[in-house]
Amino acid sequence: MKGNNINTEVRHGGVIMNAEYLLSDGHDIEDLRDEELVALFVEDRNEDAFNELINRYSDKVYRLAYRLTSDPKDAEEVLQEVFIILAEKLSSFRSEAKFSTWLYRVASNAAYMFLRNSSRYRDRNISLEDYKPYNDYGMIEGVKEKDFSDAPDSKLLGREGAEFIDKAIQELPPDYRIVFHMKDVEGMTSKEIAEALGLTVPAVKSRALRARLFLRDKLSDYFYEWRNK
């Protein structure tokens, strides 16, 4: 791969690189903060610093790409593109924001661009605004509550349950799926997500709420049907 003569070859589960790097003062490069690694690469074109950033974030970028594309090969392609962009554009990073937030912005933009350019993903981005009516309390109206609290852990966490949960998440429109992934999987704050996606904090909270309600309805149907078999 090409990227300003920097080795940007990455793969799910890690980057192809040497095991350890030591700085001139004897400290391990792994001890540096993200922003220090960025400065080291931008100022000195230090490949060790760049590779350490890839090591730290390749899995996170891959998970986000996979969540949007639902395809391992497509997620790998997005991952490679993100780190090519990183090698070329890292100098544009400003330390006013967290590096991880900035990288998520790059990754989400790359993933969305991939979706727009692929005929397989066109016309999937519907809105949940019309999914079902919501009342003033943010609850779905006209849907019978289906309690699955007595479902055993083996059913909730077993292979069949996990596969259904993943399938339900993949049914979310991409704009909601990425917010759900960032908030409920990666544990990012609403403010961080807003900065990464160029949204307002209320918009992030609204999408997170609607995504959760959508998933709750889907999961309620599944476990309600299981309990009444």
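Above this text you will find the structure in question.
Described in the following lines is the structure provided in the data block. These figures come from a predicted structure and were not determined experimentally.

Rules behind the numbers
Residues numbered from 1 in each chain as written. Predicted model: local features only at pLDDT ≥ 70, side-chain atom pairs only at ≥ 80, totals over all residues. Heavy atoms only, no water. Buried < 20%, exposed > 50% of the residue type's maximum accessible area, 1.4 Å probe, protein only. Helix = DSSP H or I, 4+ residues; strand = E, 2+ residues; numbered from the N terminus. Lys, Arg positive; Asp, Glu negative; His and termini not counted. Salt bridge = Lys/Arg side-chain N within 4 Å of Asp/Glu carboxyl O. Polar contact = N/O pair within 3.5 Å; in protein donor to acceptor, adjacent residues only side chain to side chain. Contact = heavy atoms within 4.5 Å. Core = buried A, V, L, I, M, F, W, Y, C linked by side-chain atoms within 4.5 Å. Axes fitted to C-alpha atoms, helices over the stretch in contact; angles between N-to-C directions. Parallel < 35°, antiparallel > 145°, perpendicular 65-115°, else oblique. Left-handed = near helix turned anticlockwise from the far one by under 90°. Nonpolar A, V, L, I, M, F, W, Y, C, P; charged D, E, K, R; others polar.

## Section: helix α8 (residues 190-197)
Burial within α8 is extensive, with six of its eight residues counted as buried. Buried within α8 are the following residues: Ser190, Glu192, Ile193, Ala194, Ala196 and Leu197.

## A short note on the side chain of arginine 177
Structurally, the position occupied by arginine 177 is in helix α7 (residues 174-185). Within the buried set, arginine 177 has no salt-bridge partner at all; the shortest N-O distance to an opposite charge, 8.9 Å, is to aspartate 166. Here leucine 68 takes part through its backbone oxygen, which lies 2.9 Å from a polar atom of the side chain of arginine 177. Residues within four places of arginine 177 in sequence aside, it is in contact with Arg67, Leu68, Thr69, Ser70, Ile169, Gln170 and Leu172.

## Quick notes on the nonpolar core
Ranked by size, the top nonpolar core spans 46 residues in total, and within it Leu64, Val82, Leu86, Leu90, Phe99, Ile178 and Met182 carry the most contacts. Mapped by element, the contributors of at least two residues to this core are α1 (34-44), α2 (47-69), α3 (72-89), α4 (99-117), α7, α8 and α9 (201-227). With 11 residues, α4 is the single largest residue contributor to this core. When near neighbours in sequence (up to four residues on either side) are disregarded, isoleucine 178 contacts Leu64, Leu68, Ser108, Tyr112 and Leu197. Of all hydrophobic cores here, the second largest spans eight residues; its members include Ala168, Ile169, Phe180 and Ala211.

## Some thoughts on the environment of lysine 98
With respect to the element layout, lysine 98 can be found in the loop between α3 and α4. Residue classification places lysine 98 among the partly exposed residues on the basis of a relative accessible area of 44%. Each C-alpha atom, one on lysine 98 and one on glutamate 192, is 8.7 Å from the other, the two residues being 94 residues apart in sequence. For lysine 98, the contacting residues outside a window of four places in its chain are Glu35, Phe93 and Glu192.

## Here we look at the packing of α2 against α3
When two helices pack together, their arrangement is given by the angle between their axes and by how far apart the axes lie. Running from N to C, α2 and α3 cross one another at 140 degrees; their axes reach a closest spacing of 8 Å. The orientation of α2 with respect to α3, classified from their angle, is oblique. Seen from above, α2 lies across α3 with right-handed handedness. Along the contact surface, α2 presents Phe50, Ile54, Tyr57, Ser58, Val61, Tyr62, Ala65, Tyr66 and Thr69, while α3 presents Pro72, Asp74, Ala75, Glu76, Val78, Leu79, Val82, Phe83, Leu86 and Ala87. The residue inventory of the contact of α2 with α3, partitioned by class, reads 15 nonpolar, two polar and two charged.

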